[in-house]
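Residue strings, one per chain:
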Amino acid sequence: MDKKQTFIVGIKEQPFTELLPGTVVKDINTLLKTISKTKLPLTPKKTSIANDLLPSLNESMVNPHKVNIPVKISVSLFPNMKGLYLLLRASNLTKVELVKLPVLSLHKSHYAQWEKLNTTEQFVWLLESWILRGHPEIIGEGRDISRNISDWIYFGMACFKKAWVNTDGRSNVKYSPGYVNIALMQLFGFIDVSENKTDSKERNIHKITLTNFGRSYFGSINEIFDELDWLFEPEVLISPIKDNLIDVKKSITLQKSSALKGSVVFEISLGRCKRKIELPVNNSLGLLFHEIIEVFDFDYDHLYEFRIKNQAGITQEYGHSHLDSCDEYADDVKLSDLELTIGQEFKLIYDFGDNWQFKIKLIAINMDSTIKKAILLEKRGEAPEQYPNWDE
């Protein structure tokens, strides 16, 4: 038996329960049950569960993070909770609602599918969510998702060769792979972590070693690493587990929370100038752009881009058809395609030279509306000159 087959056998022989190979399934199910009873308040930027709830939620986990709680509580004290929040959002098992303040609620159709999965399938779904959709932006960190993946993959491969030991008292793993990734690697059962006793608010990690499951996983990745193009096809990082477990037969089919109908009302701000417009939801983002330019008396002679966060908290870019870097063209995306919620804000960037930034807020959804075209509802303030220094 060659090395690759040995590692595959190790994965196949690994028991998968709520508590094995790590506690991630159990901890996520605990949080989901909590959310099913009471929607969880979030921080204003929606990058974490509200700080005052973190200590009690941490204590409800299988292996709560040990921390000396200071007077001021911060999410940085609980990298395990930060990682679990990332999974709650990236897995699409939850969604954000905006009432007065943002709260986290269950995505009912996805949660119904989740409950029908066995524990192995739940484990794989969470791993897929971390690798494919676990963008650091969800938790307020600006790193690119590919770099984030490479940080913990390369760290795991390094630990396969030699355990990481803190020899100089400085915990450089704080920055790469980062405490959140370490917490997630531990939750998925890839690593064991031993810590020094300390009065510090931060983790003081002494040693990180791969578990038997971690050695099987990173060993299999290491054996086929030269064949991988995971920066462009991260799915291959899931294949050593997903393709070798006979219990994985079902998954979750992602669905929209609810389709918008009728019309929507937006408040658009540019400095002190505000406009309120109502549009049918079957209008495209491209048409929304043209309406905004018109009500602000701007000329249409530059490129543009909308930046809108999706339900998972990841910014999607919808731009002019001449833009190569956007996720989709604005003309191809209808307002009804977006999972917008009342109170949600996003931006329109127009003219990348002068960089006009329009702030857009959804203030109403009129489900019974039958309007056929955009209507200007309110006009406040004088629009700025588009070319104030134009020499005529």
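Reading the values: the criteria
- Residues numbered from 1 in each chain as written.
- Predicted model: local features only at pLDDT ≥ 70, side-chain atom pairs only at ≥ 80, totals over all residues.
- Heavy atoms only, no water.
- Pairing = 2+ DSSP bridges.
- Helix = DSSP H or I, 4+ residues; strand = E, 2+ residues; numbered from the N terminus.
- Patch = residues over 30% accessible without salt bridge, like charges linked within 9 Å, V, L, I, M, F, W, Y side chains within 5 Å.
- Areas by Shrake-Rupley, 256 points an atom, 1.4 Å probe, with all protein chains shown as cover.
- Salt bridge = Lys/Arg side-chain N within 4 Å of Asp/Glu carboxyl O.
- Lys, Arg positive; Asp, Glu negative; His and termini not counted.
- Charge placed at Lys NZ, Arg CZ, Asp CG, Glu CD.
- Buried < 20%, exposed > 50% of the residue type's maximum accessible area, 1.4 Å probe, protein only.
- Contact = heavy atoms within 4.5 Å.
- Axes fitted to C-alpha atoms, helices over the stretch in contact; angles between N-to-C directions.
- Parallel < 35°, antiparallel > 145°, perpendicular 65-115°, else oblique.
- Core = buried A, V, L, I, M, F, W, Y, C linked by side-chain atoms within 4.5 Å.
- Nonpolar A, V, L, I, M, F, W, Y, C, P; charged D, E, K, R; others polar.

### Here we look at the sheet that holds strand S7 (residues 263–270)
- Sheet architecture is open: eight strands sit in the order S11-S10-S9-S12-S13-S7-S8-S14, paired in mixed fashion. Because the sheet does not close on itself, it has two edges, and the strands there are strand S11 (328–329) and strand S14 (375–380).
- Sheet topology note: the strand S9 (residues 304–309)/strand S10 (residues 315–319) ladder contains five bridges and is antiparallel. What sits directly across from Ile-308, in S10, is Gln-316.

### Digging into the pairing of strand S2 (residues 94–98)
- Strand direction decides the pairing type here: S2 and strand S3 (residues 102–106), joined by five bridges, are antiparallel. Pairing of Lys-95 across the sheet is with Ser-105, part of S3.

### Some remarks on a negative patch on the surface
- A cluster of acidic residues, Asp-327, Glu-328, Asp-331 and Asp-332, forms a negative patch on the protein surface.
- In this structure, Asp-331 sits in the loop between S11 and strand S12 (345–350).

### Section: the pattern of salt bridges
- Per the stated rule, a full pass over the model turns up ten salt bridges.
- For the salt bridge of Glu-267 with Arg-380, the shortest nitrogen-to-oxygen distance reads 3.4 Å. Of this pair, Glu-267 sits in strand S7 while Arg-380 sits in strand S14, and the two are 113 residues apart along the sequence.
- In this structure Glu-267 comes out as buried when scored by relative accessible area, which is 18%.
- Classification of Arg-380 by relative accessible area gives partly exposed; the value is 38%.
- The partner of Arg-307 in a salt bridge is Glu-305, and the shortest N-O contact between them spans 2.9 Å.
- Residue Glu-305 is classed as buried on the basis of its relative accessible area, which comes to 4%.
- Connected through salt bridges with shared partners, the residues Glu-267, Lys-276, Glu-378 and Arg-380 form a single ionic network.

### Focus: the sheet that holds strand S6 (residues 205–210)
- If you trace the three strands from one edge of the open sheet to the other, you get S4-S6-S5, paired in antiparallel fashion. Either end of the sheet is taken by a strand with one partner, and the two such strands are strand S4 (164–165) and strand S5 (191–195).
- Strand contacts of helix H7 (residues 145–161): S4 and S6, with the helix running at about 85° to S6, the strand carrying the most contacts.

### Describing the packing of helix H6 (residues 119–133) against H7
- Axis separation between H6 and H7 bottoms out at 8 Å; the angle between their running directions is 125°. Put simply, H6 runs oblique to H7. Each of Trp-130, Ile-131, Leu-132 and Arg-133 in H6 lies in contact with H7, whose residues at this interface are Ile-145, Ile-149 and Trp-152.

### A closer look at the nonpolar core
- Counting 78 residues, the largest nonpolar core has Trp-114, Trp-130, Trp-152, Phe-188, Phe-190, Tyr-217 and Ile-241 as the members making the most contacts within it.
- The element that contributes the greatest number of residues to this core is H7, accounting for eight residues.
- The contact partners of Trp-130, leaving out residues within four places of it in the chain, are Leu-86, Leu-87, Trp-152, Asn-181, Leu-184, Met-185, Phe-188 and Phe-190.
- Membership of the second largest hydrophobic core comes to 34 residues, among which are Val-264, Phe-289, Ala-330 and Leu-340.

### Observations regarding the environment of Asp-192
- Here Asp-192 is to be found in strand S5.
- For the pair Asp-192 and Gly-214, spaced 22 residues apart in sequence, the C-alpha to C-alpha distance is 9.3 Å.
- In contact with Asp-192, other than residues within four places in its own chain, are Lys-207, Ile-208, Thr-209 and Thr-211.

### Observations concerning a nonpolar patch on the surface
- Taken together, the side chains of Leu-19, Leu-20 and Val-62 make up a nonpolar region of the molecular surface, amounting to roughly 230 Å² of accessible area.
- Here Leu-20 is to be found in the loop between helix H1 (3–12) and helix H2 (24–37).

### Digging into helix H8 (residues 179–187)
- Taken across its nine residues, H8 has eight buried, putting it largely inside the fold.
- What H8 keeps buried is the set Tyr-179, Val-180, Asn-181, Ile-182, Ala-183, Leu-184, Met-185 and Leu-187.
- A positive phi of about 85° marks Gly-189, the residue just after H8.

### Quick look at the packing of H2 against H6
- Two elements in contact, H2 and H6, have axes separated by 9 Å at closest approach and are oriented at 85°. With respect to each other, H2 and H6 are oriented roughly perpendicular. Here Val-24, Val-25, Ile-28 and Asn-29 of H2 come into contact with H6, specifically with Thr-119, Gln-122, Phe-123 and Leu-126.
- Split into classes, the residues belonging to the contact of H2 with H6 amount to five nonpolar, three polar and no charged.

These results come straight from atomic positions and should not be treated as a statement about function.
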